[in-house]
Amino acid sequence: MSRYSQNPLFDRLHPLFYALPAIILYSLFFLLPILLNFGFAFTNWTVFHKTIQFVWIDNFKELLKELRLLLVLKNTLIFSITVSVFQNLFGFLLALALQERTKLNNFFRAVIFFPCLVSMVAWGQLFTSILDPKGVLNAAISAILSGSVAVPWLGSRLFTIFVVAFVNVWVWTGFAMMIYITSLNTIPTEIIDAANIDGVGWLGKIRHVIIPLIMPGITLNVIISLVGSMKEFDVVMVLTKGGPGRSTEVFNTLIYEKIGAGLFGYAAALNLLLILLIAALAFPLYSRMSKRVVDL
Amino acid sequence: MKRGILVLLALVLAISAFAGGSQEKSTSKKPVKVIYCADTMSPAVENLFKRFTADTGYPVDMEVLPGGNDYNTLVPARFISSDVPDLCFFWGSQNEQSMLNPAENILDLTDWLAKNVKDKLIPESLLRAMAYAGRNYHLPVSGIVVRGFFYNKDVLQKAGVALPKSWDDFLKNVAPKIKAAGFTPVYGMGLDRWGMDFHMENYVADQFATTDIQDRLNKGQANLYDTQFLESLQMIKKLQDAGYFQDNVMTGTYDGAVAAISDGTTFMTGLSSPVGGRIPAAAQDKVSAFCLSKEGNRAYIALPQGMFVPKKAKNMDGARAYLDWFIKPENIAKYYGELKVSPPYQGVKVDMNLTSAGFKSFVDAEPAMDIRLKAFYGQAGNYAAQVLSGEKTPEEALAEMNATYIQNAKAQGLPVKEK
C-alpha cells in the first residue's frame, strides 16, 4: 500500500508537481528564447522586411565572410581564459586564507563578496574614472614612483583586454571564494590531521590532498567562470565599447552591433555560433575535470 | 468630547473625498512615454517637456538612453519589443531613418505636416529632403544639424594662424604652427569614436556634394572604394603619425573633447551643432565652429533630428497632443530661443550660440553636403579608431567598412557592387 495514495503513478510523479512552477518559468524565460533563437538563426529576419522567411544556412555562409569573426573569437577566448584562471586562483587563495570562521574572517569574506552584489554597470562607471590616464590609479602609481605616470589602461590595443578582464575578476572573485570555502569545509579534518602527522608540507597538502578532494567545487567554479565570461557584454560596453579600435570587442558586442543594424536573423546566427562554441569548450572540460573527482 | 471628535473626523473625511476627487481629475491623462538621446538632452529640452505638461496636462515619462552608437542600437531594438515609447527622438538622415523601418513602425506624418506646417512653418524643400521613400515620418526638434569641428578662437589667435582652407592646408601649414605654439592641434575621440565620424564624413563632403557618387552607390553602380573615404582614413593616419592628436588619443571621450576645446589647450575637435549648448558658459564666447572638407570648407549637414511617433504607441492621443502643441509658433520660438541653434522653422528669430553661428556661415557660403545613402556603413568613427590605434591600415579599415555597407545594402534588397 503506497504511503500517499493508492495510485502508484501519482506516487512516482508527485515530486514533479513541486518542481513544475520552476520548470515552467525556466522553460518560458530560458529554454523558449534559446529554441526561438535556433529558429531565427535560419531566417532572413531584419528590420527591413515585413515577413520572415527561412533562408536555411545563408546566415552562416555570411558569417564565414565576417571580417571580424576571428578577431572577436580571439578576444573572447583571451578574455575568458584570463578571467577563468585568475578568478579561480584568487578565489582559491582567498578561501584558504579565510576558511576559518572568525569574526575578522567573516568581515573580510563579506567585503570581498560585496562587489558581486552591485551591478557591473556601476562598477564599470567607477573603473572608467579610476583607469582614466588622469585617474586615481595613475595618481597612486605616480605618488609611489615619485614621477608622472599616465598609463592608458583603457587605451592600449595590447593590454586593455587584460585590464577589462581583471575588472571582471575583481567583481566576481568573491563568488568563487565562497564556493571554494564551502568545498574546503567538506574535507574531513581527520584527513588534514593525517597529512600533518605524515609530515606533508603546505604545498603538498594543497596539491595532493585538498585539490583532489574539492574537485567538484573547482569544476563548478571553472565552468561557471568560463561560460559566464564567454558571454561577457556589460563590462566591455561600459569600459571600452569594444575599443580601442576593436581590441576588446567580444562576441556579444558584435551581436549587439548587428542587432543595432537591424540584422536580427544574422545576430541570432552569431548567437547560435557562440552557444555552440561554449558547449564545445565547456562539455569536454567538465568531462575531463569530473574524472579527477576523488571519492572518499 | 466624543461628539466633537466624531464631527472633526467627518469633516476630515469629507475634505479628503473632495481633494481626492480633484486630484483624480488632474491626473486623468496618461503619461506620454518619451525616449531621448543623452547626447542631445539639454535644459531647453527639459523645459520644453515641462511646458508641455503644464499646458496640456499630459505628464511626461522621459527615458534618456545612452548616446553615440548605443542609441542607434537601442532604439531599433525597442521597436521590436513591446516596450515601445509614445514619442521617440531620432536622427533625420535617410540611412539613419532606414534603421527604424519607418513604413512598418512609424506613424506617417505626411498629411498632418502638409496640413499644419508646410510652407507656413517648414519650407516645402526641407520637408521633401526630410522624407523617407517619399513620406515624412518626423517633426523636426533640432536645428539644421551641422557636423564639423569646434575650435577654440584663443588657440587660433595665439598660434597666429587662420582657419585651414583644406585638409592639406591643415596638415602642412596650420597644425605644425599650433603644435609649435604648445597646443594640441586635434582632440580625437579614440574611445567614444563617434566624434571621429566627422573627420571622415567632412572629408568626403566635396565629392558627395558635387558628383553623382551617392546616386551611384544607391543604384549599386559604386561601392565605398569609389569614394574618398580611403583618403580620409589616410589623412587620419598622417595626423596621428605627425603627433597632431592628443596623448592617449585612444582614451579620448566626448566629455574629454568638450573639456579640451573649452579649456584652451586644444585647437579643434569633431563635434556637431547640437553640442554647442553643452559648452560651459565660461567658454561660450571662445569656442566657435567650422567645416573642413578635402578641398575646402564645405559644410556637412544632417537633416534635423526629430520626434517620431511609433505606430504601436500606447498613448497615441498624448503623442498627437505633443505634435499639435509643439508647432504653435510661441512654443517653437521659446524652445529654439533656449536651444540657441539655427531652427528649421520659418519666421523664428534665434540668438544663436557661437558654434551654431559659426557653422551657419559655412552653410550659407556654398551648397552643403548631406548624406543620402540608403544603406548604412556602420559608425565611421569605428574604422577611424582602428587606424588611430594602429590595429588596421587605412586599406584594411576601408575593406571592413565596405563589407558592412554591402551587408546592410543586401539586407535591404538594394543592388550592390561587390568589387
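Residues numbered from 1 in each chain as written. Chains lettered and ligands numbered in written order. Predicted model: local features only at pLDDT ≥ 70, side-chain atom pairs only at ≥ 80, totals over all residues.

S.K.: What's the story with the overall build of chain B in this structure? I'm lost.
M.R.: Summing up its helical and strand segments, chain B has 19 helices and 10 strands in all. The C-alpha radius of gyration computed for chain B amounts to 24 Å, which stays within 12% of the reference 22 Å derived for 419 residues, consistent with globular compactness. Principal-axis analysis of the C-alpha atoms gives chain B an extent of 95 × 50 × 40 Å. Buried residues in chain B amount to 52% of all 419 residues. Looking at chain B alone, contacts between residues at least 24 apart form 81% of all its contacts between residues at least 6 apart. (Helix = DSSP H or I, 4+ residues; strand = E, 2+ residues; numbered from the N terminus. Rg over C-alpha atoms; globule rule 2.2 N^0.38 Å. Buried ≥ 20, exposed ≤ 12 C-beta atoms within 10 Å, placed from the backbone. Contact = placed C-beta atoms within 7 Å.)

S.K.: Please explain the sheet that holds strand E10 (residues 306-308) of chain B as it appears in this structure.
M.R.: Sheet strands pair via backbone hydrogen bonds, and the direction of the pair is either parallel or antiparallel. All names here are of chain B. If you trace the 5 strands from one edge of the open sheet to the other, you get E2-E1-E3-E10-E4, paired in mixed fashion. Unpaired on one side and paired on the other, strand E2 (60-65) and strand E4 (138-140) mark the two borders of the sheet. Geometrically, the sheet is characterised by an average inter-axis angle of 25° between neighbouring strands, direction not taken into account. Bridge count between strand E1 (residues 32-37) and E2: 6 bridges; the pairing is parallel. Bridging from a neighbouring strand, Cys37 pairs with Leu65 of E2. Taken strand by strand, helix H2 (residues 43-56) contacts E1 and E2, and its axis lies near 160° from that of E2. (Pairing = 2+ DSSP bridges. Axes fitted to C-alpha atoms, helices over the stretch in contact; angles between N-to-C directions.)

S.K.: Would you mind going over the nonpolar core with me for this structure?
M.R.: When a protein is soluble and globular, its nonpolar side chains tend to lie buried together. In this structure, A:Val164, B:Leu233, B:Ala299, B:Ile301 and B:Ala384 are the most contacted members of the largest nonpolar core, which totals 184 residues. Ranked by the residues each element gives to this core, the list is headed by helix H7 (residues 160-184) of chain A, at 14 residues. Shared between two domains, this core takes at least three residues from each, and those domains are domain 1 (27-144 + 303-365) and domain 2 (146-302 + 368-411) of chain B. In this structure, B:Leu233 is in contact with B:Met200, B:Tyr383, B:Ala384, B:Val387, B:Pro394, B:Ala397 and B:Leu398, ignoring residues within four places of it in sequence. (Core = buried A, V, L, I, M, F, W, Y, C linked by C-beta atoms within 7 Å. Domains from an automatic or database assignment.)

S.K.: What's the story with the packing of helix H12 (residues 251-260) of chain A against helix H3 (residues 69-79) of chain B in this structure? I'm lost.
M.R.: Helix-helix packing: each pair is described by the crossing angle between the helix axes and the interaxial distance. Between H12(A) and H3(B), the shortest axis-to-axis distance is 8 Å and the interhelical angle comes to 65°. As H12(A) runs across H3(B), the sense of the crossing is left-handed. Contacts from A:Tyr256, A:Glu257, A:Ile259 and A:Gly260 in H12(A) reach B:Asn72, B:Thr73, B:Pro76 and B:Ala77 in H3(B). (Left-handed = near helix turned anticlockwise from the far one by under 90°.)

S.K.: Is there a simple way to explain the packing of H7(A) against helix H10 (residues 215-230) of chain A in this structure?
M.R.: Residue and element names in this part refer to chain A. Look at H7 against H10: their axes get within 9 Å of each other, and the N-to-C directions meet at 160°. By the criterion of interaxial angle, the relationship of H7 to H10 is roughly antiparallel. Note on packing geometry: the crossing formed by H7 with H10 is right-handed. Taking contact as the criterion, the partners of Asn168, Ala176, Ile179, Tyr180, Thr182 and Ser183 in H7 are, on H10, Pro216, Gly217, Leu220, Asn221, Ser225 and Ser229. In terms of residue class, the contact of H7 with H10 is made up of 5 nonpolar, 7 polar and no charged. (Parallel < 35°, antiparallel > 145°, perpendicular 65-115°, else oblique. Nonpolar A, V, L, I, M, F, W, Y, C, P; charged D, E, K, R; others polar.)

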